[in-house]
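Fold and contact review
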Amino acid sequence: MLKDLSVSELNKYITNIFEAEELLHYIKVYGEVSGVSLVRGNLYFTLKDENAQLSCIMFGASSQQVKEGNQVLVTGGLKFYAKGGKLNLYATAIAPYGSGVLFKRFLELKDKLEREGVFDDKYKKPLPENIKTIGVVTSSTGAVIHDIITVTHRRNPYLNILIYPSKVQGDGAEETIIEGLEYLDKLPEVDVIIIARGGGSIEDLQPFNTEVLARKIITLSKPVVSAVGHEVDYTICDFASSIRAATPSEAGEIVTKNILEGIKDFGYSLDKLQFLFNNILAEKYEKIDDLVAKNDAILGNILNCKSHTLSLNVLKFKQINPFLDIEKALDMEYNKLQLLDVTKILDRGFARVVCGDEIIKSATNLQTGDEIKVEFKDGNIVANVYSKGDK
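Residues numbered from 1 in each chain as written. Predicted model: local features only at pLDDT ≥ 70, side-chain atom pairs only at ≥ 80, totals over all residues. Heavy atoms only, no water.

**A look at empty space enclosed by the protein**
- Enumeration over the complete set of coordinates arrives at one cavity of 30 Å³ or more.
- Taken together, Tyr123, Lys125, Ile217, Ile218, Lys222, Pro223, Val224, Ala240, Ser241 and Ser242 make up the full set of residues lining the largest cavity.
- Partitioning the lining of the largest cavity into residue classes produces six nonpolar, two polar and two charged. (1 Å grid on protein atoms, 1.4 Å probe; cavity = no way out; pocket = protein on both sides within 12 Å on 5 of 7 lines; lining within 4 Å. Points joined across faces, edges and corners; volume = space filled by probe spheres on them. Nonpolar A, V, L, I, M, F, W, Y, C, P; charged D, E, K, R; others polar.)

**Concerning the environment of Arg244**
- Tracing the chain through its elements places Arg244 in strand β10 (residues 243-244).
- Arg244 sits ten residues away from Tyr234 along the chain, and the two C-alpha atoms are 9.2 Å apart.
- Contacts of Arg244, omitting those with residues within four sequence positions, involve Ser226, His230, Glu231, Asp233, Tyr234, Asp238 and Glu250.
- Within polar-contact distance, the side chain of Arg244 engages the side chain of Tyr234 at 3.2 Å. (Helix = DSSP H or I, 4+ residues; strand = E, 2+ residues; numbered from the N terminus. Contact = heavy atoms within 4.5 Å. Polar contact = N/O pair within 3.5 Å; in protein donor to acceptor, adjacent residues only side chain to side chain.)

**So, the pattern of salt bridges**
- Inspection of the entire model under this criterion finds eight salt bridges.
- For the salt bridge of Glu50 with Arg105, the shortest nitrogen-to-oxygen distance reads 2.3 Å. Residue Glu50 is found in the loop between β2 (42-48) and β3 (53-58), and its partner Arg105 is found in helix α2 (residues 101-115); the two are separated by 55 residues along the sequence.
- Given the relative accessible area of 59%, Glu50 is considered exposed.
- Arg105 gets classed as partly exposed once you look at its relative accessible area, which sits at 43%.
- We note a salt bridge from Glu114 to Lys110, for which the minimum N-O separation is 3.6 Å. Here Glu114 pairs with Lys110, and both are found in helix α2, just four residues apart, close to one helical turn.
- Counted as one network, the salt bridges with shared partners bring together Lys112, Glu116, Glu211 and Arg215. (Salt bridge = Lys/Arg side-chain N within 4 Å of Asp/Glu carboxyl O. Buried < 20%, exposed > 50% of the residue type's maximum accessible area, 1.4 Å probe, protein only.)

**Section: the sheet that holds strand β14 (residues 379-384)**
- Strand order in this open sheet of four strands is β12-β11-β13-β14, and the pairing throughout is antiparallel. The sheet terminates laterally at β12 (358-359) and β14, the two strands that pair on one side only.
- Here strand β13 (residues 371-376) pairs with β14 via six bridges, running antiparallel. Paired with Ile372 across the strands is Ala383, a residue of β14. (Pairing = 2+ DSSP bridges.)

Structure (structure tokens):
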């Protein structure tokens, strides 16, 4: 009767088998590289062919030693990791071994479809001016659909998003992607379709590198935006679609208009309109000022002419009216009389001296002891002459 084994006992038994088999300590295996990652200086990748795959580890390596899709020859030893229950090829050397099969097929298909005109611009459909609803063919779980929803609703919260959940990797993925495209293309409210998935190895992206998918895309009535893989990844789907986006987030930006930018543009347009209106208004004011100035000049000329004519008429009137000269002579005589008016003289600071009834005009007319009255502008004084002197 067979002994019941624990997992640890079985895995340890398998480990002993691999350690005892010296042929597996140093082997050379060729295949196509996929799933490359570098973690703390250790290189992890998968070596595969059409029917199988093998996990590989290389310690102290760099990511430059292998590239996705490369066909390589790996030298190393097989070990069974008992704790994880996994068989790994621990590589000690990696050498090129021709082109990767999947990458070679990708290039051959791309070249074929390009020659047939499948990627021609005549199949590229422009995005509608006013997009209200977008359809998305992608996995219903994961970061991709979350990124698209976040970006589109941040830029336009009123946008409708219809999601067709599909497989994006493995068996049946190509069929569900095509089903999603056909379904969304028939909906009249859908304006544009996005095909999206995150990054992955070349074998992970195989459903997007098929001839059937490419030919289906160019027959659709709606424009298709391809957002498959990372920025450095290119697929047949990218070349057949109307627009290629480097990432799913960029696809969300491409199919949406930023409402805030629209508001900003509207404000700019208002400012520009206000500026133009102010310029027109200033121009009209300037024309009005010019007209007023011209009218002022015309009125000034008319007034000058009228004034000149009036002056000539007054001159003529004076020449034919002798009474004007008499009036002028009388004015002169009146002015003379004004100069002789005693009150006018007193107003200028002079005084009048009177002795008795006689106005004294000279000091010789007075004697010591005479009583005199001195008249000023604002009053009189009475005084006696105490002495006389020469001038």
